[in-house]
Amino acid sequence: MFIALEHIDGAGGTTQAKALAAYLKNIEIPVEVTAEPTTESKYGRVLRLMQRGYELKEAMNNLALKEEDMEIATLIELLYKKYDVSNKQILYSTLYTLDRAQHIRKIKSLLNRGTWVICDRYKLSSLAYQGIAKIGESEESTRLKQEGIMEANSGFRDPDFSILLDIPVEESLRRIDKRGETKEIFENKKTLEAAYNIYKDYFENDSNWSNTKKRCVVDATQTPEKVTKEIIRQICANFGRD
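Overview of the structure. This one's a predicted model, so the numbers in the text were calculated from it and none came from an experiment. (Residues numbered from 1 in each chain as written. Predicted model: local features only at pLDDT ≥ 70, side-chain atom pairs only at ≥ 80, totals over all residues. Heavy atoms only, no water.)

## Side note on the packing of helix α2 (residues 42-51) against helix α6 (residues 89-112)
Cut-off, in case you're wondering: A fitted line through C-alpha atoms represents every axis, and for helices the fit uses only the stretch in contact; the resulting angles, taken between N-to-C directions, go from 0 to 180 degrees. Secondary structure follows DSSP: runs of H or I at least 4 residues long count as helices, runs of E at least 2 residues long count as strands, and numbering of each begins at the N terminus. A clockwise turn of the near helix away from the far one marks a right-handed crossing, whereas an anticlockwise turn of less than a right angle marks a left-handed crossing. We call two residues contacting when some pair of their heavy atoms lies within 4.5 Å.
Where α2 contacts α6, the axes come no closer than 8 Å and their chain directions differ by 145°. Judged by the twist between their axes, the crossing of α2 over α6 is left-handed. Contacts between α2 and α6 involve Tyr43, Gly44, Val46, Leu47, Met50 and Gln51 from the former and Leu91, Tyr92, Leu95, Tyr96, Leu98, Asp99 and Gln102 from the latter.

The following block contains the structure:
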């Protein structure tokens, strides 16, 4: 079973992934928690630094990576010479896809061994965050961009169950502020509102889903214990487990 938790920042994805894994282990189901961007691949490590405000080359230097190590010298030239990437959407989307291409190998290996996989953010998070409309961008351009993101990710295995941890942007920001940590670049009201709307629109559109591609929305404003209980209930209801 492959489960993806999708959400904006502050929704408790890490907490819920760990809590669900603990429950599964308690009933003797082998499980592993993973997350995107990953910490295993060089692309994921660069992304994590860029989310903290590093420029691409600063992140590469921080990790002692060379352009040839990243295998993106051609990509960098393409992006910065032919496209307006002032908001870095294309760059982020490409790096996420490269990271995911390595990540999915690990996921498939675990699934083939009978291990459940819980992934904190997956393909829909790329759509939600990299598919945000730029200022002045037409609806058609935004639509084509979002279609391009989904097409770039179409070859990756879909989760058996996608769960949206639903939390209002105001509550998300309150929780982020409460952490007292330096905010990442996506942790602002404008970005979170746009990402939230994309998540909600995608989850609410039945044409995006099938009997083999299931989803649910869970109210993440509840206590962590209640959220975990609801996630477990939804898994049982959708897959016939006791």
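## Some thoughts on the environment of Thr142
In this fold, Thr142 is placed in helix α8 (residues 139-152). Through-space distance from the C-alpha of Thr142 to that of Gly131 is 7.0 Å; in sequence the pair is 11 residues apart.

## With respect to the layout of surface pockets
Put simply, the rule is: Points on a 1 Å grid, built from protein atoms alone, make a cavity when a 1.4 Å probe fits but cannot get out and make a pocket when they are open with protein on both sides within 12 Å along at least 5 of 7 lines; residues with an atom within 4 Å of a point are the lining residues. Grid points are joined across faces, edges and corners, and a volume is the space filled by probe spheres set on the points. In the scheme used here, Gly and all other residues not listed as nonpolar or charged are polar, with Ala, Val, Leu, Ile, Met, Phe, Trp, Tyr, Cys and Pro taken as nonpolar and Asp, Glu, Lys and Arg as charged.
Each pocket or cavity is described by its volume, and for the largest pocket that value is around 820 Å³. As for the largest pocket, its lining consists of 35 residues, and the residues nearest its centre are Thr14, Arg48, Asp120, Arg121 and Glu184. Only α1 (13-26), β2 (31-35), α2, α6 and α7 (123-130) provide two or more residues apiece to the lining of the largest pocket. In terms of residues, the lining of the largest pocket owes the most to one element, α1, which gives five residues. The class makeup of the residues in the lining of the largest pocket is nine nonpolar, 13 polar and 13 charged.

## Description of the nonpolar core
Definition in use: By convention a nonpolar core is built from buried Ala, Val, Leu, Ile, Met, Phe, Trp, Tyr and Cys residues, the set being connected through side-chain atoms within 4.5 Å. Buried residues are those whose accessible area, probed at 1.4 Å on protein chains only, stays under 20% of the maximum for their type, while exposed residues exceed 50% and partly exposed ones sit between those limits.
Core analysis: the largest hydrophobic core is formed by 55 residues, its most contacted members being Ile8 and Ile163. Beyond its immediate chain neighbours, meaning those up to four positions away, Ile8 contacts Arg121, Tyr129, Ile167, Val169, Ser172, Leu192, Ala195, Tyr196 and Tyr199. With 10 residues, the next largest nonpolar core counts Phe2, Ile104, Ile107 and Phe156 among its residues.

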